[in-house]
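Descriptive structure summary
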Amino acid sequence: MSDNQNIKDANIHFELLYNTLLDAIPSSVLMVDDKLYVVSANQNYLLKSQRNRANTFNRPLAEVFPSVILENTGLEERIRTVLRTRMAISAQKMTYRAPGVPIRIYYYSILPVPFKQVMLIMEDVTEQIRLSEEVRRVERHLASVVESASDIVLSTDMDGRVLTWNSAAEKLSGLSSSEVQGQFFYQFCEVGQKQTVEETLRYINRKNESFTTEFGLLTPYVSNNVGILISWVFSPMKDDYGQTVGAVIVGRDLAERRKLELQLRQSQKLSALGIMAGGIAHEIRNPLAVCSSAAQFLLSDDVDWDFRMQCSMKIQANIQKASAIIENLLRFARSSLDTEMTEVNLCAVLKDTAELVENQAKVQKIKVKLLVHQEIIWVTGVAGLLQQVFMNLFLNAINAMPSGGSLTITAKILDDRVVVQVVDTGVGIPLGDLDNIFDPFHTSSPVGQGTGLGLSICYSIIQQHLGSIRAESQLGEGATIIVTLPLLIGS
Amino acid sequence: MKNAILIVDDEVDMCWAMEHILKSQGQPIVTATSGAEACARLSEGYYSLVFLDAKIPDMDGLDIARFAIKLPNYKPQIVMISGYHYANDPIVLHAIEDGLIVKFLAKPFTNDEILSLFHEYWKNMDLKQT
């Protein structure tokens, strides 16, 4: 074998290797010489461009590439630049729509190689671009959902630093997203909420569930460090691996709802007063009658000293009796004006309320039994609202016993909660109604006799006190309403 | 059996007032402060006139009236005195129509009203023992 033959064999070997390597590359590769002729092209390119070796190899680039690409990309000029400067051009974008074929998008690079050639590498990124555009579209959609929401939507990291802050949050707080990012969320809340926020974040992380709470958000529209009351739902924010990485906090301005609730409570209270009017009339006219008669006795000429004293004392005692009834009533009627949460002795609330309904119970032959053995059970709350809840429950119970019975009220402490049971011996609640008696406008009263708002108002008030309310009953065997409230911490 | 006035009211002070108003009339007066007590007195005695409260914890006044008019040996005249009803309350009008009560008087009242009711309805005779 001659040397020539050896060299020729080696060349063939290298050319084979060279072509094999080029073909193995998943991108399209074209070798172009300094006359802008295609020297070679790999399999991927021929496949993609639906060309063959014959009409590609040793053909001018202008013949191989559609002229529209060459014009739009200035490809020829760029190849000349690379040939001249020996500097690679990389990651350029090229789009092409062949007749009848969807648009394809390529990234291409031009690399200088020896022997006055360049290597043109083209990568089809149509699919990636499509995907990333889809991702962007979804992201834009999600962002617009969050941005368009009238509720506050914000996210924080595990330490409570704000990550995102939507436009509703900007509007209510008066602080732009860029002003709050990286700051602690509690800084924008009412003074003293630092602990609440931190504890809530720990809670949702530990329990892996949402938590609802209420506190004020500072706002430029209200001064003196008092915010607007917001109902917040804290939810754990997860990453792709299910790890909690922060919190999503959704807040709703309660001002409107509060106003409505206040009106509802007031009107409900008036209807309760209406129900009690009969009992009250009876209870007040009795002492009035005694006073009236006693006063008339004193008018006679022949009243001895003992009887005169007796009459005066009866008058005095009965005026006291009537005025106590009026005072209780006044306290109940006006109590909705205070909304401040304070320390409340639940026992006193239960006792006062039981006394108020006792008049009504009496005219319906119902015995009211208040079985509370403690003198004091401290809870945090609004006394007037709690009284309204129990007033409602007691009156409901009385209503359920048209032909008499007994209303038993018990309060027991269970761990960190107090459980109040209101038990009647009335008509009971049908099984199907147990689930919706706390819904607004659910009523079992005949049309015109009840608004159906009583229990839903109880529900909202008890929820506001972080408690719970539920009913147990069997039709015909009375009903038990169970109210649970958290005890005042440290009591 | 001796004729007497029966006063039924769960309020002790009301009974006290009624007793003192009627005392001057020189007739025996008995008081009852519960429905059960009223029924017992009505059964065992003779009361031509009853002043009856409408709302008593253990019994409705009208139920006591229903019991009273069904007594086997006499029929008392029942005057209802109450702070619960008003003068032309449908319940009251029905009770009068049904003959359960003869008159209704709202609390508070004047002592003279009670006295004139006494004069109007008191039947001055004793129940003849059979």
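What you see is a predicted model, and the numbers here were worked out from it, not measured in a lab. (Residues numbered from 1 in each chain as written. Chains lettered and ligands numbered in written order. Predicted model: local features only at pLDDT ≥ 70, side-chain atom pairs only at ≥ 80, totals over all residues. Heavy atoms only, no water.)

1. A few points about the overall build of chain A
Note the threshold: Elements are defined by DSSP. Helices are runs of H or I of four residues or more, strands are runs of E of two residues or more, and each kind is numbered from the N terminus. Restricting the calculation to C-alpha atoms gives the radius of gyration, and the globule rule supplies 2.2 Å times the number of residues raised to the power 0.38. In this analysis, two residues are considered to be in contact whenever any of their non-hydrogen atoms come within 4.5 Å of each other. Working definition of accessibility: Shrake-Rupley area with a 1.4 Å probe, residue cover restricted to the visible protein chains. Think of it this way: Lys and Arg go in the positive column, Asp and Glu in the negative one, and His and the chain ends go nowhere. Charged side chains are reduced to one point each, which is NZ for Lys, CZ for Arg, CG for Asp and CD for Glu.
Counting its secondary structure elements, chain A contains 14 helices and 17 strands. Taking 23 Å as the expected radius of gyration for a compact globule of 491 residues, we find that chain A reaches 42 Å, considerably beyond that expectation. On the principal axes, the C-alpha backbone points of chain A span a range of 160 × 50 × 40 Å. The long-range share in chain A, meaning contacts at least 24 apart out of those at least 6 apart in sequence, stands at 56%. As displayed, chain A has an accessible area near 27200 Å², and 55% of this comes from carbon and sulfur atoms. Charge-centre separation for chain A: the mean point of 45 positive side chains lies 4 Å from the mean point of 53 negative side chains.

2. Quick word on the sheet that holds strand S16 (residues 468-473) of chain A
Residue and element names in this part refer to chain A. The cut-off we apply is this: A pair of strands is treated as paired once DSSP finds two or more bridges between them. All axes are obtained by fitting lines to C-alpha atoms, using only the stretch in contact for helices, and the reported angles, taken between N-to-C directions, cover 0 to 180 degrees.
The strand order across the open sheet formed by five strands is S12-S14-S15-S17-S16, and the pairing between neighbours is mixed. Each edge of the sheet is formed by a strand with only one pairing partner; in this case those strands are strand S12 (366-371) and S16. Here the strands of the sheet are splayed against their neighbours by 15 degrees on average, with no regard to which way each runs. Sheet topology places strand S15 (residues 417-424) next to strand S17 (residues 479-486); seven bridges connect them, and they run antiparallel. Within the sheet, the bridge partner assigned to Arg-417 lies in S17 and is Pro-486. In this fold helix H12 (residues 346-363) packs onto S12, strand S14 (405-414), S15 and S17, with an angle of close to 170 degrees to the strand it touches most, S12.

3. Let's talk about the packing of helix H11 (residues 305-334) of chain A against H12(A)
Residue and element names in this part refer to chain A. Heads up, the condition is: Helix crossings get a hand from a simple test, with the near helix turned counterclockwise from the far one by less than a right angle marking a left-handed crossing and a clockwise turn marking a right-handed one. When residues are grouped by polarity, Ala, Val, Leu, Ile, Met, Phe, Trp, Tyr, Cys and Pro land in nonpolar, Asp, Glu, Lys and Arg in charged, and all others, Gly among them, in polar.
Between H11 and H12, whose axes approach to 10 Å, the crossing angle comes to 115 degrees. Crossing hand, H11 versus H12: left-handed. On H12, the residues that touch Ile-325, Asn-328, Leu-329, Arg-331 and Phe-332 of H11 are Asp-352, Glu-355, Leu-356 and Asn-359. When grouped by side-chain class, the residues that make up the contact of H11 with H12 number four nonpolar, two polar and three charged.

4. Side note on the layout of surface pockets
Residue and element names in this part refer to chain A. Short version of the rule: Two kinds of site are reported from a 1 Å grid over the protein atoms alone, namely cavities, where a 1.4 Å probe fits but cannot get out, and pockets, open sets with protein on both sides within 12 Å along at least five of seven lines, and residues are called lining when an atom falls within 4 Å of a point. Grid points are joined across faces, edges and corners, and a volume is the space filled by probe spheres set on the points. Here the bounds of each domain stem from an automatic or database domain assignment.
Roughly 2000 Å³ of volume is contained in the largest pocket. The wall of the largest pocket is formed by 49 residues, among which Thr-213, Glu-214, Met-341, Gln-464 and Leu-466 lie closest to the centre. Among the secondary structure elements, those contributing two or more residues to the lining of the largest pocket are helix H9 (194-207), strand S8 (211-217), strand S9 (228-238), strand S10 (244-253), helix H10 (255-299) and helix H14 (454-464). A per-element tally of the lining of the largest pocket places H10 first, with seven residues. Of the residues assigned to the lining of the largest pocket, the class counts are 18 nonpolar, 17 polar and 14 charged. Counting contributing residues per domain, the lining of the largest pocket is built from domain 2 (146-253) and domain 3 (258-486), each supplying no fewer than three.

5. Focus: the pattern of salt bridges
Just so we agree on the cut-off: Whenever a carboxyl oxygen of Asp or Glu lies within 4 Å of a side-chain nitrogen of Lys or Arg, that contact is scored as a salt bridge. For each residue, the accessible area found with a 1.4 Å probe, counting protein chains only, is set against the maximum for its type, and the residue is called buried under 20%, exposed over 50%, and partly exposed in between.
With the rule as written, the count across this model stands at 23 salt bridges over all chains. Across the pair B:Glu11 and A:Lys321 runs a salt bridge whose closest N-O atoms are separated by 2.8 Å. Separated into two different chains, B:Glu11 in the loop between strand S1 (4-8) and helix H1 (12-23) and A:Lys321 in helix H11 make up a pair that spans both. Taking the relative accessible area as the measure of exposure, B:Glu11 reaches 11% and is therefore buried. Take A:Lys321: its relative accessible area is 32%, and that puts it in the partly exposed class. When the shortest N-O distance is used, the salt bridge between B:Asp63 and B:Arg66 registers 2.6 Å. Of this pair, B:Asp63 and B:Arg66 both sit in helix H3 (residues 61-69), three residues apart, roughly one helical turn. Given a relative accessible area of 31%, B:Asp63 falls into the partly exposed group. Through salt bridges that share partners, A:Glu283, A:Lys321, A:Lys362, B:Asp10 and B:Glu11 make up one connected network.

6. Details of the domain arrangement of chain A
Domain assignment breaks chain A into domain 1 (3-128), domain 2 (146-253) and domain 3 (258-486). Taking only C-alpha atoms into account, the centre of domain 1 of chain A sits 56 Å from that of domain 2 of chain A.

7. What to know about the interface of chain A and chain B
Interface extent is often summarised as the accessible area lost during association of the parts. Stated formally: Throughout, buried area stands for the accessible area (probe radius 1.4 Å) lost by two parts on being put together, summed over both. Identification of polar contacts relies on pairs of N or O atoms within 3.5 Å, with a donor-acceptor requirement for protein atoms, meaning one able to donate a hydrogen and the other able to accept it, and with residues adjacent in sequence counted only if both atoms are side-chain atoms.
Contacts between chain A and chain B engage 24 residues on the former and 27 residues on the latter. When chain A packs against chain B, close to 2100 Å² is buried across both sides, 56% of that on carbon and sulfur atoms. Here A:Lys362 makes a salt bridge to B:Glu11, at a shortest N to O gap of 3.6 Å. Our count for the chain A to chain B interface comes out at twelve residue pairs in polar contact (both at pLDDT 80 or more). Of all elements in the fold, only H10, H11 and H12 of chain A reach the threshold of two or more residues within the side of chain A that touches chain B.

8. A closer look at a nonpolar patch on the surface
Condition: Patch membership requires over 30% relative accessible area and the absence of a salt bridge. Like charges are linked within 9 Å, and nonpolar side chains (Val, Leu, Ile, Met, Phe, Trp, Tyr) within 5 Å.
A cluster of nonpolar side chains, contributed by A:Phe14, A:Leu17 and A:Leu21, occupies part of the molecular surface with about 320 Å² of accessible area. Here A:Leu21 shows up in helix H1 (residues 3-24).

9. Focus on empty space enclosed by the protein
Residues and elements named next belong to chain B. This model, assessed by the stated rule, comprises two cavities of 30 Å³ or more. In this structure, the largest cavity spans a volume of roughly 60 Å³. What lines the largest cavity is simply Ile-7, Val-8, Asp-9, Met-14, Cys-15, Met-18, Phe-51, Leu-52, Asp-53, Ile-81 and Lys-107. Within the residue set of the lining of the largest cavity, elements represented by two or more residues are S1, H1 and strand S3 (47-53). Taken as a whole, the second largest cavity spans an internal volume of roughly 30 Å³. Surrounding the second largest cavity, Ile-69, Lys-75, Pro-76, Gln-77, Ile-78, Gly-99, Leu-100, Ile-101 and Val-102 form its lining.

10. Some thoughts on the packing of H10(A) against H1(B)
Relative orientation of the contacting elements H10(A) and H1(B) amounts to 30 degrees, with a least axis distance of 9 Å. Here the hand of the crossing between H10(A) and H1(B) comes out left-handed. Residues A:Asn286, A:Ala289, A:Val290, A:Ser293, A:Ala294 and A:Phe297 of H10(A) form the contact with H1(B), whose participating residues are B:Asp13, B:Met14, B:Trp16, B:Ala17, B:His20 and B:Ile21. Among the residues forming the contact of H10(A) with H1(B), the class breakdown is eight nonpolar, three polar and one charged.

11. So, the side chain of A:Gln193
Among the structural elements, A:Gln193 can be located in the loop between helix H8 (177-180) and H9. Exposure remark for A:Gln193: the relative accessible area of 14% places this residue in the buried category.

12. Some words on the nonpolar core
Residue and element names in this part refer to chain A. Let me state the cut-off plainly: Among the buried residues, those of types Ala, Val, Leu, Ile, Met, Phe, Trp, Tyr and Cys that are joined through side-chain atoms within 4.5 Å form a nonpolar core.
Counting residues in hydrophobic clusters, the biggest one holds 57 residues, and the most contacted among them are Leu-346, Leu-393, Phe-394, Leu-407 and Val-420. When residues of this core are assigned to their parent elements, the largest contribution, ten residues, is made by helix H13 (residues 383-399). Apart from the residues within four sequence positions on either side, Val-420 is in contact with Leu-346, Leu-350, Phe-390, Ile-409, Thr-410, Ala-411, Ile-481, Ile-482 and Val-483.

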